[in-house]
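Report on the structure
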Amino acid sequence: SQTIHQWPATLVQPVGSPLSLECTVEGTSNPNLYWYRQAAGRGLQLLFYSVGIGQISSEVPQNLSASRPQDRQFILSSKKLLLSDSGFYLCAWRGLAGETQYFGPGTRLLVL
Amino acid sequence: KQEVTQIPAALSVPEGENLVLNCSFTDSAIYNLQWFRQDPGKGLTSLLLIQSSQREQTSGRLNASLDKSSGRSTLYIAASQPGDSATYLCAVRPMDSSYKLIFGSGTRLLVRP
């Protein structure tokens, strides 16, 4: 069966510090991968998606970047965090023929 | 631009009540619509997926309907239980950008014992 992992679960970082959030998927090959951000009381905003290794599409201009160094690994990064980067970050995957997206447990980021 | 709206934003009901959550979307050109459940501080779990050609889907005490022409979906929860307390999100998969899901902001449900 497929599983999706995210770490860390919680992160508190000062403004201006770098960021690296990791997402890995097990039990599937060549998934579509997604990074979302959820602000308090809001819906999910798609940040990045990837259809393959090294293929990243950005949905919104921002302070963040994403990379996919391996088939089942998706990394969200920032060189300098802003207060507005605080939120709940969710990674998701979808199979090539799949209809639904499967979500990881999320990472709560607080930028102080 | 597709927009998804969920009403109400929050709902509190006594245990045992039947309830309806609403979702509306502005562009009827969709592949499907999904309802997700999110527990506090957790990821999302898919509850029901309705294809654009379908009218409804059922799973246990949950029933979701879709009226694509009017841009509306409802999630009906029968005989609500305290364990149903969570945030419920609907999302559409648009035809013009089928790789993504467009989410509503959710309805936060509290079922009181």
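In what follows, the structure referred to is the one given above.
As a starting point, this report considers the structure included with it. Everything numeric here is computed off the predicted structure, so don't read it as measured data. (Residues numbered from 1 in each chain as written. Chains lettered and ligands numbered in written order. Predicted model: local features only at pLDDT ≥ 70, side-chain atom pairs only at ≥ 80, totals over all residues. Heavy atoms only, no water.)

Regarding the environment of B:Q57
All names here are of chain B. Note that Q57 resides in strand β6 (residues 56–59). For the pair Q57 and L75, spaced 18 residues apart in the sequence, the C-alpha separation amounts to 9.6 Å. Those residues in contact with Q57 that sit more than four places away from it in its chain are L48, L49, I50, L62, N63 and A64. Here Q54 takes part through its side chain, which lies 3.1 Å from a polar atom of the side chain of Q57. (Helix = DSSP H or I, 4+ residues; strand = E, 2+ residues; numbered from the N terminus. Contact = heavy atoms within 4.5 Å. Polar contact = N/O pair within 3.5 Å; in protein donor to acceptor, adjacent residues only side chain to side chain.)

Focus on unusual backbone geometry
The phi torsion of most residues other than glycine is negative, and most of the peptide bonds are trans. Backbone torsion omega between A:W7 and A:P8 reads 0°, so that peptide bond is classified as cis. Of note, A:P8 is situated in the loop between β1 (3–7) and β2 (10–13). In this structure, B:P8 follows B:I7 across a cis peptide bond, with omega equal to 0°. Topologically, B:P8 is positioned in the loop between β1 (4–7) and β2 (10–14).

As for the sheet that holds strand β7 (residues 65–70) of chain A
All names here are of chain A. Read from one edge to the other, the open sheet built from 4 strands follows the order β1-β3-β8-β7, with strand pairing classed as antiparallel. Because the sheet does not close on itself, it has two edges, and the strands there are β1 and β7. When strand polarity is set aside, the average angle formed by the axes of neighbouring strands in this sheet is 20°. One ladder, built from 6 bridges, connects strand β3 (residues 19–26) with strand β8 (residues 73–78); its direction is antiparallel. If you follow L19 over to β8, its bridge partner there is S78. (Pairing = 2+ DSSP bridges. Axes fitted to C-alpha atoms, helices over the stretch in contact; angles between N-to-C directions.)

Side note on a nonpolar patch on the surface
Residue and element names in this part refer to chain A. Taken together, the side chains of V12, L110 and L112 define a hydrophobic patch exposed on the protein surface, amounting to about 280 Å² of accessible area. Positionally, V12 belongs in strand β2. Relative accessible area serves as the criterion here: at 47%, V12 is assigned to the partly exposed category. (Patch = residues over 30% accessible without salt bridge, like charges linked within 9 Å, V, L, I, M, F, W, Y side chains within 5 Å. Areas by Shrake-Rupley, 256 points an atom, 1.4 Å probe, with all protein chains shown as cover. Salt bridge = Lys/Arg side-chain N within 4 Å of Asp/Glu carboxyl O. Buried < 20%, exposed > 50% of the residue type's maximum accessible area, 1.4 Å probe, protein only.)

Thoughts on the interface of chain B and chain A
Opposite the 20 residues of chain B that make contact, chain A presents 21 residues. Carbon and sulfur atoms supply 50% of the area that chain B and chain A bury against each other, a total of about 1500 Å² over both sides. Contact with chain A buries area across many residues of chain B, yet B:L44, B:Y99 and B:F103 alone supply 34% of it, more than any other trio. B:K100 serves as the salt-bridge partner of A:E59, at 2.5 Å between the closest nitrogen and oxygen. Where chain B packs against chain A, one counts 5 residue pairs in polar contact (both at pLDDT 80 or more). Looking at the side of chain B that touches chain A residue by residue, the classes come out as 7 nonpolar, 10 polar and 3 charged. (Buried area = accessible area lost by both parts, 1.4 Å probe. Nonpolar A, V, L, I, M, F, W, Y, C, P; charged D, E, K, R; others polar.)

Notes on the nonpolar core
Core analysis: the biggest nonpolar cluster contains 23 residues, and B:L33, B:W35 and B:L75 have the highest contact counts within it. Counting only elements with at least two residues in this core, the list comes to β3 (19–25), β4 (30–38), β5 (44–51), β7 (62–67), β8 (72–77), β9 (86–94) and β11 (107–112) of chain B. Leaving out residues up to four positions away in the same chain, B:L33 has contacts with B:C23, B:F25, B:L48, B:L49, B:I50, B:L66, B:S73, B:A91 and B:V92. Counting residues in hydrophobic clusters, the runner-up holds 20 residues, among them A:C23, A:F74, A:L76 and A:W93. (Core = buried A, V, L, I, M, F, W, Y, C linked by side-chain atoms within 4.5 Å.)

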